[in-house]
Amino acid sequence: MEQKQQVIAWYFLAAFLVILTIQNFFIQGHVESLPYSEFKALLHAGKVKEITLTEQAISGSLSDDSLEGLVAKETAERLKQLGKGEHLFTTIRVNDPSLVQDLEAAKVRFAGQVESKWLSTLLSWVLPAVIFVGIWQFAIKRMGGGAGGLMAIGKSKAKVYMEKETGVTFDDVAGIDEAKDELMQVVEFLKAPDRYRRLGGKIPKGVLIVGAPGTGKTLLAKAVAGEAGVPFFSMSGSEFVEMFVGVGAARVRDLFEQAEQKAPCIIFIDELDALGKARGMNVVGGNDEREQTLNQLLVQMDGFDTHKGVIILAATNRPEILDPALLRPGRFDRHVAIDRPDLNGREKILLVHSKQVTLAPSVELASIAARTPGFAGADLANLVNEAALHAARAGKDAVDMEDFDEAIDRVVGGLERKNRIMNPKEKETVAYHEAGHALVAEARPNADRVGKISIIPRGIAALGYTQQIPTEDRYLLKRSELLDRIDVLLGGRVAEELVFGDISTGAQNDLQRATDMARHMVTQYGMSESLGLATFEEPRTSAFLNIPVSQQPATYSDRTAQAIDDEIGKLLADAHARVVKTLEANRGNLEALAKLLLEKEVVDRATLDALLSAQAPVGKDSDSGGETTAHRPSDQREPG
Ligand code: ADP
Ligand code: ZN
C-alpha cells in the first residue's frame, strides 16, 4: 500500500517536471498582458513590431523597451527587468473598427490566425462525458454490491452463500423431532444418491418448511446439509428481487448453475414468500421483476432432474400467500410444519443452548421451560444468552436461576424501565389492578397459579403484569377453565372499580381478550346455553399457523347475530358479578397485596404465599363444566 502511494507521488512529480520543461522550451521569455488602451498608445508611438490577430486576442512583440509614459509604471518596470530581446505581449481584442487602418499607418506587420479549437472542444465536450461515465460506473458498482463493472450485474456470486460444511447436525436441533424425521429421508438420499437412482425411487425436488419466525427453519435446513455432508447454498427470497428487471431471474439461473456443479448439495431459499407471492395479488400495479424471477424459479425447478442430487429446501412463515404454482407436484410438494416447541421441547432446546454456558447447580431448565410458553427456539437461545450476559455483568462464575429470572423478564416484557416515572396515583391504580388479577387467579380452581406480580413498567404498553405459571401446555380447555380465565382477565378492572369507584383505560387489553374469549365460546365452541351446539364462524386462523387470514363473511342471520351479541354480553356480565363477589370477599387481601406491591414493586410466589397465609386465605369457589374444546395454549401474561 505504502509503496503504491510512493510510486504515484513520483509519477506526478515527473509529469510536472516534463510539463515545465515543455513550457520553457516553447514559450521563451515573458508574455505581458496589456490593457487595450496601452496597446493602442504603443501602436501610435510606433513601438509595436509585429502582431498576430485572432478573433479574441491580439499578440505580438514590441520593438524596444523605452516605454516611459505609454504604459503603466509597473508594466514598464517589469518589461525592463526582462532585459533585451523581444518583448512579447497579448491583449484582449475589443471592437475597434479603426484597428486595421491604425496598423497600416504604423507600418506594422500583421497576420490573422484561426484559433485552434481542440482545447475548448476537449474541455466543453469530452471532459464532461468522461466525468459522467466515471460517476455512472461508480454508481453501478455500488448498486451491484461491489460485483464490479457493467458486465457483472446479472452475476450473483456475491449474494449466493455457499457453505462447504455447515457444521450443524441434527443434535443441534431440539424439540422438533417430527420435522427431523421427515427430513431424514432427504439426508439418506443425499448421502447415497446412487442407491436411490439404481432403484428408481422418487425423491422430492422441493421441501417447504413452514413455521413461525425463529422456530428453527434455517437451522433445520443447515442440519440436513450437515448430516449429509453436502454443500449448502442459501439465498433469501427478498435478495432475488432487485431493482433491475431481469436481474432476479439471472440470479436464479446462476444459483442453479453453481449448485449443479457442486451436486449433491442443498439449495435453501429463505423467505420464499418474498419472491413467491401469488401472481396478480398486487393491487397497485404488477411487479414484473418478481413475476419474472418466480417464473424463472419454476422453469429451473421443472428443468433439472433430481437424480443429479440437488434438493431445494425453502422456508416461509406465510404459506397461504404463496403462488399455487409453487406447490404443485414436482415443485415444493412436500411440506414440513414446525410448531412452536411445547414444554418438553423447550426444555430440550434450553439444554442445547446452555451447553455453551456454565450453569450453576441450582438451575432447573424444566422450570424455566414451564415459564416460557409460546417462546420459539430463537427466543430461548436469546434467553440463555441474556442470562449469561447478566451473570457476566454481575461477575459470577456460573449462570444461576436469578439470571434466568432476569432474562425472562427482559425477553418477556422488554427491557425494564425502572427510570420511567409513573405518578404515585397511577402507580396505585396499577398496583390494585394487578392485585385484582392475582387474587382472582388464586381464588379460581381452574386458573393457572400466579408466579410473580410486577408493577415495574416494561416496554411501551404494559404498566405492570401478573405472570401465571401453567403446570403444563394446554391444547384442550374446559368450559370451566375458559370461564375462570375470563374472570382473571376481569379481575384488574373490577379491583379498580371497587377501590376507586372509578375505572382507568389500563384494562382495555384485558377487556378485549375477555370479549374475544367469550365470543369464541359462543360462536366456535358451542358453549352457549341459548345458541346450543351450532358453530357460527370458521376459525379465523390459517391451517398451518396461529396467524389470522382474511375474515370470512358471516354465514348467519341478523337475528342470530343479535343473539350472539346478547350471549357474549351475558357471559361477561355474569363473570363480572362473580369477580365482584370474589374481590369483595377478599378486600383485606386486596389492600394488603396492593400495599406490598407499592412498596416492593415485585412480589414473587413465596412472598404471596406468606401474605395470603397471614391474612385470611383466599376462598376457592368452584364452578363446574364438562365440555372440552380445542384451544391453542394462550399467552399467560396479563399486561395492563
Ligand atoms: P427461522 O429460520 O425459523 O426464522 P432460525 O433457524 O434462523 O429460525 O433460528 C434462529 C436460531 O434460534 C438458531 O440459530 C438457533 O440458535 C435457535 N433455534 C431455533 N430453533 C431451534 C431448535 N429447534 N433447536 C435449537 N435451537 C433453535
Ligand atoms: Zn390487566
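Residues numbered from 1 in each chain as written. Chains lettered and ligands numbered in written order. Predicted model: local features only at pLDDT ≥ 70, side-chain atom pairs only at ≥ 80, totals over all residues. Heavy atoms only, no water.

### Remarks on helix H17 (residues 424-443)
In this model H17 runs 28 Å from its N-terminal to its C-terminal C-alpha over 20 residues, within 8% of the 28 Å that 1.5 Å per residue would give. With 15 of 20 residues buried, H17 is to be regarded as a mostly interior element. (Helix = DSSP H or I, 4+ residues; strand = E, 2+ residues; numbered from the N terminus. Expected span 1.5 Å × (residues − 1). Buried < 20%, exposed > 50% of the residue type's maximum accessible area, 1.4 Å probe, protein only.)

### What to know about the coordination of the zinc ion (ligand 2)
Put simply, the ideal angle at a metal is 109.5 degrees for four donors in tetrahedral geometry and 90 or 180 degrees for six donors in octahedral geometry. Distances from the zinc ion (ligand 2) to its protein donors, namely His-433 (NE2), His-437 (NE2) and Asp-510 (OD), fall within the range 2.0 to 2.1 Å. In primary-sequence terms, the residues that donate to the zinc ion (ligand 2) follow H-x3-H-x72-D. Here His-437 is found in helix H17, whereas its partner Asp-510 is found in helix H19 (residues 508-523), with 73 residues between them in sequence. The exposure class assigned to His-437 is buried, which follows from its relative accessible area of 0%. Taking relative accessible area as the criterion, Asp-510 reaches 0% and is therefore assigned buried. (Donors = N, O, S within 2.8 Å, 3.2 Å for Na, K, Ca; no water.)

### Let's talk about the site of ligand 1
In the vicinity of ligand 1 there are 17 residues, among which Ala-174, Gly-214, Lys-217, Thr-218 and His-353 approach most closely. Between ligand 1 and Gly-216, the relevant distance is 3.1 Å, taken from an oxygen atom to a main-chain nitrogen or oxygen of the residue. The backbone of Ala-378 places a nitrogen or oxygen atom 3.4 Å from an oxygen atom of ligand 1. In isolation ligand 1 exposes 560 Å². Once the protein is present, 78% of that is buried. Counting residues per element, the ones that place at least two in the shell around ligand 1 are helix H8 (217-228), helix H13 (343-354) and helix H15 (377-393). (Near = heavy atom within 4 Å. Polar contact = N/O pair within 3.5 Å; in protein donor to acceptor, adjacent residues only side chain to side chain. Areas by Shrake-Rupley, 256 points an atom, 1.4 Å probe, with all protein chains shown as cover.)

### Description of H15
With 17 residues, H15 ought to run about 24 Å at 1.5 Å a step, and its terminal C-alpha atoms sit 24 Å apart, in line with that. Here H15 has its buried residues at Gly-377, Leu-380, Leu-383, Val-384, Glu-386, Ala-387, Ala-388, His-390 and Ala-391. Looking one or two residues past H15, Gly-395 carries a phi angle of roughly 70°, positive in sign.

### Quick word on the pattern of salt bridges
A side chain of one charge can pair with a side chain of the opposite charge when the charged atoms of the two come close. Inspection of the entire model under this criterion finds 23 salt bridges. Of the charged contacts in the structure, one is a salt bridge between Glu-50 and Arg-109, with a shortest N-O distance of 3.3 Å. Here Arg-109 lies in strand E5 (residues 109-112) and Glu-50 lies in strand E2 (residues 48-53), a separation of 59 residues in the sequence. The partner of Arg-444 in a salt bridge is Asp-484, and the shortest N-O contact between them spans 4.0 Å. Remark: Asp-484 occurs in helix H18 (residues 479-500) and Arg-444 occurs in the loop between H17 and strand E12 (449-454); sequence separation between them is 40 residues. In this pair, the class of Arg-444 matches that of Asp-484, namely buried. Shared partners join several salt bridges into a network, and the residues in it are Lys-396, Asp-400, Glu-402 and Asp-403. (Salt bridge = Lys/Arg side-chain N within 4 Å of Asp/Glu carboxyl O.)

### Focus: the sheet that holds strand E15 (residues 602-604)
Pairing is antiparallel in the open sheet, where 3 strands are placed in the order E13-E12-E15. Single-partner strands in this sheet number two, and they are strand E13 (465-469) and E15. Shown here is a sheet whose adjacent strand axes are inclined to one another by a mean of 25°, direction ignored. Bridging between E12 and E15 involves 3 bridges; their strand directions are antiparallel. (Pairing = 2+ DSSP bridges. Axes fitted to C-alpha atoms, helices over the stretch in contact; angles between N-to-C directions.)

### Considerations on the environment of Met-235
Note on placement: Met-235 falls in strand E8 (residues 232-236). As for Met-235 and Asp-270, which are separated by 35 residues in sequence, their C-alpha atoms are 6.3 Å apart.

### As for the packing of H17 against helix H21 (residues 587-600)
Packing of H17 against H21 leaves a shortest axis separation of 8 Å and a crossing angle of 130°. Here H17 lies oblique to H21, going by the angle between them. In this structure, H17 meets H21 at a crossing whose hand is right-handed. Counted together, Lys-427, Glu-428, Ala-431, Tyr-432, Glu-434, Ala-435, Gly-436, Ala-438 and Leu-439 of H17 and Asn-589, Leu-590, Glu-591, Leu-593, Ala-594, Lys-595, Leu-597 and Leu-598 of H21 form the full contact between these two elements. Across the contact of H17 with H21, the residue classes tally to 10 nonpolar, 2 polar and 5 charged. (Parallel < 35°, antiparallel > 145°, perpendicular 65-115°, else oblique. Left-handed = near helix turned anticlockwise from the far one by under 90°. Contact = heavy atoms within 4.5 Å. Nonpolar A, V, L, I, M, F, W, Y, C, P; charged D, E, K, R; others polar.)

### Section: the pairing of strand E10 (residues 310-316)
Burial within E10 is extensive, with 7 of its 7 residues counted as buried. What you see with E10 is no split at all: Val-310, Ile-312, Ala-314 and Thr-316 on one side and Ile-311, Leu-313 and Ala-315 on the other are buried throughout. Bridge count between strand E7 (residues 206-211) and E10: 5 bridges; the pairing is parallel. Residue pairing in the sheet places Gly-206 in a bridge with Ile-312 of E10.

### Side note on the nonpolar core
The biggest cluster of nonpolar side chains holds 47 residues, and the ones touching the most others in it are Ile-486, Met-521 and Leu-593. Dropping the residues within four chain positions of it, Ile-486 is found in contact with Ala-514, Met-517, Ala-518, Met-521, Leu-572 and Ala-575. (Core = buried A, V, L, I, M, F, W, Y, C linked by side-chain atoms within 4.5 Å.)

### Comments concerning the confidence of the model for the chain
For the chain, per-residue confidence averages 78 on the pLDDT scale, and residues scoring 70 or more make up 77% of the total. Here strand E16 (residues 628-630) stands out as the least confident element of the chain, with mean pLDDT 29; H18 is the most confident, with 92. Across residues 540-551, where pLDDT falls below 50, the model places 25 contacts with residues more than four positions away in sequence or in other chains. (pLDDT = per-residue confidence, 0-100.)

### Section: the sheet that holds strand E1 (residues 31-33)
Spatial strand order, E1-E4-E3-E2-E5: 5 strands in an open sheet with mixed pairing. Single-partner strands in this sheet number two, and they are E1 and E5. Looking at each pair of strands side by side, their axes are set apart by 20° on average, direction ignored. When strand E3 (residues 57-62) meets strand E4 (residues 87-92), the two strands line up antiparallel, connected through 6 bridges. When the bridges of E4 are listed, Leu-62 appears paired with His-87.

### Some details on unusual backbone geometry
In this model, Lys-107 sits at a positive phi of 55°, which is unusual for a non-glycine residue. Here the phi dihedral of Glu-601 falls at roughly 70°; this positive angle occurs in a residue that is not glycine. By the secondary structure assignment, Glu-601 is in the loop between H21 and E15.

### Section: the environment of Tyr-432
Following the sequence through the fold, Tyr-432 ends up in helix H17. Judged by relative accessible area, Tyr-432 falls into the buried class, the value being 4%. Sequence-distant contacts of Tyr-432, that is, excluding residues within four places in its chain, are made with Ala-495, Val-499, Phe-500, Leu-590, Glu-591, Ala-594 and Lys-595.

### Regarding the environment of Ala-369
When you line up the elements, Ala-369 lands in helix H14 (residues 365-370). What makes Ala-369 buried here is its relative accessible area of 0%. Distance from Ala-369 to Leu-350, taken between C-alpha atoms, is 7.7 Å for residues 19 residues apart in sequence. If we ignore the near neighbours within four places in the chain, the residues touching Ala-369 are Leu-343, Arg-346, Glu-347 and Leu-350.

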